[in-house]
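Residue-level listing of the chains:
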Amino acid sequence: MVPPISITRRNAAVLCSEWADGFLACILLSALREACPCAYCTGEQIMGQSVFVGIKTYAPGMNELVSLTTIGNYGVQATWGDGHDTGIYTWDMLRKIFDENALSQADLRSIDSELEPK
Ligand SMILES: [Zn+2]
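Report follows, based on the coordinates. (Residues numbered from 1 in each chain as written. Predicted model: local features only at pLDDT ≥ 70, side-chain atom pairs only at ≥ 80, totals over all residues.)

Let's talk about the pairing of strand β7 (residues 75-80)
Put simply, the rule is: Strands pair, by our definition, only if DSSP identifies at least two bridges between them. A helix here means a DSSP run of H or I that spans at least four residues, while a strand means a run of E at least two residues long, and both kinds are numbered starting from the N terminus.
Across six bridges, strand β6 (residues 65-71) lies against β7 in antiparallel orientation. Each residue of the ladder has a partner; that of Thr69, found in β7, is Gln77. Taking the residues between adjacent antiparallel strands as the criterion, β6 and β7 are bridged by three residues, where Gly72 takes a positive phi near 50°.

What follows is the structure, given as structure tokens:
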């Protein structure tokens, strides 16, 4: 999988990406955080057994994306508002997350109107 052409913040809650094959999708940042692939979030392997650590508690800022940093040519590392930065998403993972969590135009409109000051 090649990197997306662009990854852009639509607003405080939504991230959009565009890919060379014409795929274009926007997702909630919380969906990206939810899919964090790091050992902590997915449950660590201890003595060959998978121990699920992830009873996910809400931490302030956990769904606020501070930065996305490109790692080599294979993916991006996300840094979140609660300081969590161990998740590295390969392009394949990222594409899959956007594919599975893509917001509809109606969803996007309602999120936009919620976030806009009235
Ligand atoms: Zn994680």
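Digging into the sheet that holds strand β3 (residues 24-28)
Rules: Angles shown run from 0 to 180 degrees and are taken between the N-to-C directions of axes, each axis being a line fitted to C-alpha atoms and, for helices, limited to the stretch in contact.
The strand order across the open sheet formed by three strands is β1-β2-β3, and the pairing between neighbours is antiparallel. The open sheet has two edge strands, β1 (6-9) and β3, and neither has a second partner. Strand-to-strand twist in this sheet, taken as the mean axis angle between neighbours without regard to direction, amounts to 20°. Taken together, the four bridges between β1 and strand β2 (residues 14-18) define a ladder with antiparallel strand orientation.

Notes on the sheet that holds β7
Note the following rule: Our contact criterion uses C-beta atoms placed from the backbone: two residues qualify when those atoms are within 7 Å.
Taking strand neighbours across the sheet as the criterion, the three strands line up as β6-β7-β8 in an open arrangement whose pairing is antiparallel. The sheet is open, and its two edges are formed by β6 and β8 (88-90), each paired on a single side. When the angles between neighbouring strand axes are averaged without regard to direction, this sheet yields 25°. Each of β7 and β8 is contacted by helix α3 (residues 91-101), which is oriented at about 85° to β8, the strand it contacts most.

A word on α3
Short version of the rule: The burial label depends on the number of other C-beta atoms within 10 Å of a residue's C-beta. Counts of 20 or more mean buried, 12 or fewer mean exposed, and intermediate counts mean partly exposed, with C-beta atoms placed from the backbone. By definition, the arc is the one covered by directions from the helix axis to the C-beta atoms.
Where α3 is concerned, the buried positions are Leu94, Arg95, Ile97 and Phe98. The arc enclosing the buried residues of α3, seen along the axis, measures out at 160°, which places them on a common side. Turned more than 90 degrees away from the buried face of α3, the exposed residues are Asp92, Asp99 and Glu100. In this structure, the buried side of α3 is in contact with β2, β3, α1 (29-34), β7 and β8.

Side note on the nonpolar core
Worth spelling out the cut-off: By convention the nonpolar core is taken to be a set of buried residues drawn from Ala, Val, Leu, Ile, Met, Phe, Trp, Tyr and Cys and joined through C-beta atoms within 7 Å.
Leu15, Cys26, Ile27, Leu32 and Ile97 are the most contacted members of the largest nonpolar core, which has 13 residues in total. Looking at this core, the elements with two or more residues in it are β2, β3, α1, β7 and α3. Not counting residues within four places of it along the chain, the set of residues in contact with Leu15 comprises Ile7, Arg9, Arg10, Cys26, Ile27, Leu29, Leu32 and Leu65.

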